[in-house]
Amino acid sequence: MSKEKLILKDILFNKEKIIYLSRIIKNVYWEFKSENFIQENLDKFPQLELKQRIFYIKDMLYKYLPKDYISTVNIMLKSLPDELDPTKKDDDFWDFIFAAYGEFISEYWCNKENLDFSLQSLETITKRFSMEFALRNFLKKFPQETLKFALKWSKNDNYHVRRLSSEAIRPNLPWWWKINIWVQNTLKILDNLYTDQTQYVLRSVANNLNDITKLDANAVISKLLEWKKSEKQNQKNMLFLITHSLRSEIKVWNPKALELLWYYQPAIKINNFHISTTQVKIWESLDFWFELTSNISQKLLMNYKIYFVMSNWKLREKIFHISKKNLSKWEKITISKKHPLKNMTTKKLYSWKHFVEIFINGENFWKKEFLLTI
């Protein structure tokens, strides 16, 4: 476990946080055995990672709160602090300690009988801490009913609720399991969100679309083109949506994605592609540069690909970014790049022939060989 992860779990779930949670519950439920609740959590915390702490707090809530579901959730709702400021344009998660409330509802009361009450409760809690993780279980067990709530949430006045309607239905939500929702159901909800003026919401919409590109890139590109033509979103926000939504497709040079961002077939001439040396040692850098002349006024997206040899002698390709340029006709520029070649825990380098190749607007130009040595 890295030092960074250890610090994060101790910042989000610690003695002060558990005392705070216990206090606000005790304020509305005087029978709550707060000292026992605090001690049981703190005794277990050293053995638990971040997500495990959320689940353990959830189990302790089940142990120390009434067994009547409606009564218990009402205690949780009454204990909540004031809503996050609804006038902000770009706010993020607030207090992770309330993730345990969502997991309590998701784990113990994701059932048909209490479905509406549970989803309405998550809507209330998400105004203090985002509830997309808790909603995954509802989407798995009751997809159609939960999607109806998400569609309603996408029109909510509170931007935390609107953001939840997008974030909860992402196919590949970070930290949580994947879900399988028909793409058109997701896009129907996002149709209500792309005109949003809150960056917090738009970022979720773009992340959702980027997830969907792994399933149906053409559907995403078509939807973005439709939204762009509607002119219902300002140019700055629309550009953000397109760029962020298609970031994975841009990396693999999807022609339709490139064209949507005005990267067309390049009219250029490349001269004098050089690498500093044809032999580079591991832990040193590969230096290369080239001259480029633009035959017309155009936007250029410049990348390079390195072909790394693996232990089985096959080549593994990795794409890297150079720069984006807006060039006028006959403009001439020199591009230089220094790429460090060092071993990492997730990537070991091997001594053998490697290659570096230049790509501009998705088209390959020059390719050079170099020898990597120990």
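Structure shown above.
*Asks:* I tried to follow the overall build of the protein on my own but got confused; where do I start?
*Replies:* Looking only at helices and strands, the protein features 15 helices and 8 strands. Projected onto its principal axes, the C-alpha positions of the protein cover 80 × 55 × 35 Å. Within the protein, the fraction of its 374 residues that count as buried is 51%. About 19,200 Å² of surface is accessible on the protein, with carbon and sulfur atoms providing 51% of the total. Within the protein, the 42 negative side-chain charges are centred at a point lying 6 Å from the centre of the 60 positive side-chain charges.

*Asks:* Whenever I open this one, the sheet that holds strand S2 (residues 279–281) confuses me. Can you help?
*Replies:* One key point about sheets: their strands pair by backbone hydrogen bonds, in either a parallel or an antiparallel sense. Spatial ordering of the open sheet is given by S2-S8-S7-S4-S5, a layout of 5 strands whose pairing is mixed. With partners counted over all chains shown, the strands left at the sheet margins are S2 and strand S5 (315–327), one partner each. In this sheet, adjacent strand axes meet at a mean angle of 30 degrees when their direction is disregarded.

*Asks:* I tried to follow the environment of Asn114 on my own but got confused; where do I start?
*Replies:* As for its position among the elements, Asn114 is in the loop between helix H6 (99–108) and helix H7 (115–125). In the structure, Asn114 is positioned 44 residues away from Ile70 in sequence and 8.7 Å away in space, judged by C-alpha atoms. Residues within four places of Asn114 in sequence aside, it is in contact with Tyr69, Ile70 and Trp109.

*Asks:* I tried to follow H6 on my own but got confused; where do I start?
*Replies:* Each α-helix winds once per 3.6 residues, and so residues spaced three or four apart point in a common direction. In terms of burial, H6 is a largely internal element, 8 of the 10 residues being buried. Ala99, Ala100, Tyr101, Gly102, Glu103, Phe104, Ile105 and Ser106 are the residues of H6 that are buried. Structurally, H6 contributes buried residues whose contacts are with helix H2 (15–28), helix H4 (50–64), helix H5 (69–79), H7 and helix H8 (132–141).

*Asks:* Please clarify how the sheet that holds strand S6 (residues 332–340) should be interpreted in this entry.
*Replies:* Taken in spatial order, the 3 strands make up an open sheet running S1-S3-S6, and their pairing is antiparallel. The sheet is open, and its two borders are formed by strand S1 (268–275) and S6, each paired with just one other strand. For this sheet, the mean inter-axis angle between neighbouring strands, taken without regard to orientation, is 20 degrees. Note: S1 against strand S3 (residues 285–294), 6 bridges, orientation antiparallel. Looking at the pairing, Ile275 lines up with Phe288 of S3.

*Asks:* Looking at this structure, I do not really get the layout of surface pockets. What am I missing?
*Replies:* The probe, sized like a water molecule, is rolled over the atoms to show the empty space still left. If you add up the space inside the largest pocket, you get close to 340 Å³. The wall of the largest pocket is formed by 17 residues, among which Arg247, Ile250, Leu301, His321 and Lys324 lie closest to the centre. Secondary-structure elements contributing two or more residues to the lining of the largest pocket are helix H13 (235–245), helix H14 (247–251), strand S4 (298–309) and S5. Split by residue class, the lining of the largest pocket holds 9 nonpolar, 4 polar and 4 charged.

*Asks:* I keep staring at the pattern of salt bridges and nothing clicks. Help me out?
*Replies:* This model, assessed by the stated rule, comprises 17 salt bridges. Note that Glu83 is salt-bridged to Lys127, the shortest N-O span being 3.8 Å. With Glu83 in the loop between H5 and H6 and Lys127 in the loop between H7 and H8, this residue pair connects regions lying 44 residues apart in the sequence. Look at the salt bridges and you will find they share partners, linking Glu132, Arg163, Glu167, Arg170 and Asp211 into a network.

*Asks:* I keep staring at the nonpolar core and nothing clicks. Help me out?
*Replies:* Proteins that are soluble and globular tend to have nonpolar side chains buried together. The biggest cluster of nonpolar side chains holds 89 residues, and the ones touching the most others in it are Ile57, Leu61 and Tyr101. The biggest single contributor to this core is helix H12 (residues 199–230), with 12 residues. Other than its neighbours up to four places away in sequence, Tyr101 contacts Leu21, Ile24, Ile25, Leu61, Met76, Ser79, Leu80 and Ile125.

*Asks:* I tried to follow the environment of Thr278 on my own but got confused; where do I start?
*Replies:* Mapped onto the elements, Thr278 comes out in the loop between S1 and S2. Taking the C-alpha atoms as reference, Thr278 lies 7.0 Å from Glu369; in sequence the two are 91 residues apart. When residues no more than four places from it in sequence are discounted, the contact partners of Thr278 are Phe370 and Leu371.

The rules behind these values
- Residues numbered from 1 in each chain as written.
- Predicted model: local features only at pLDDT ≥ 70, side-chain atom pairs only at ≥ 80, totals over all residues.
- Heavy atoms only, no water.
- Helix = DSSP H or I, 4+ residues; strand = E, 2+ residues; numbered from the N terminus.
- Buried < 20%, exposed > 50% of the residue type's maximum accessible area, 1.4 Å probe, protein only.
- Areas by Shrake-Rupley, 256 points an atom, 1.4 Å probe, with all protein chains shown as cover.
- Lys, Arg positive; Asp, Glu negative; His and termini not counted.
- Charge placed at Lys NZ, Arg CZ, Asp CG, Glu CD.
- Pairing = 2+ DSSP bridges.
- Axes fitted to C-alpha atoms, helices over the stretch in contact; angles between N-to-C directions.
- Contact = heavy atoms within 4.5 Å.
- 1 Å grid on protein atoms, 1.4 Å probe; cavity = no way out; pocket = protein on both sides within 12 Å on 5 of 7 lines; lining within 4 Å.
- Points joined across faces, edges and corners; volume = space filled by probe spheres on them.
- Nonpolar A, V, L, I, M, F, W, Y, C, P; charged D, E, K, R; others polar.
- Salt bridge = Lys/Arg side-chain N within 4 Å of Asp/Glu carboxyl O.
- Core = buried A, V, L, I, M, F, W, Y, C linked by side-chain atoms within 4.5 Å.

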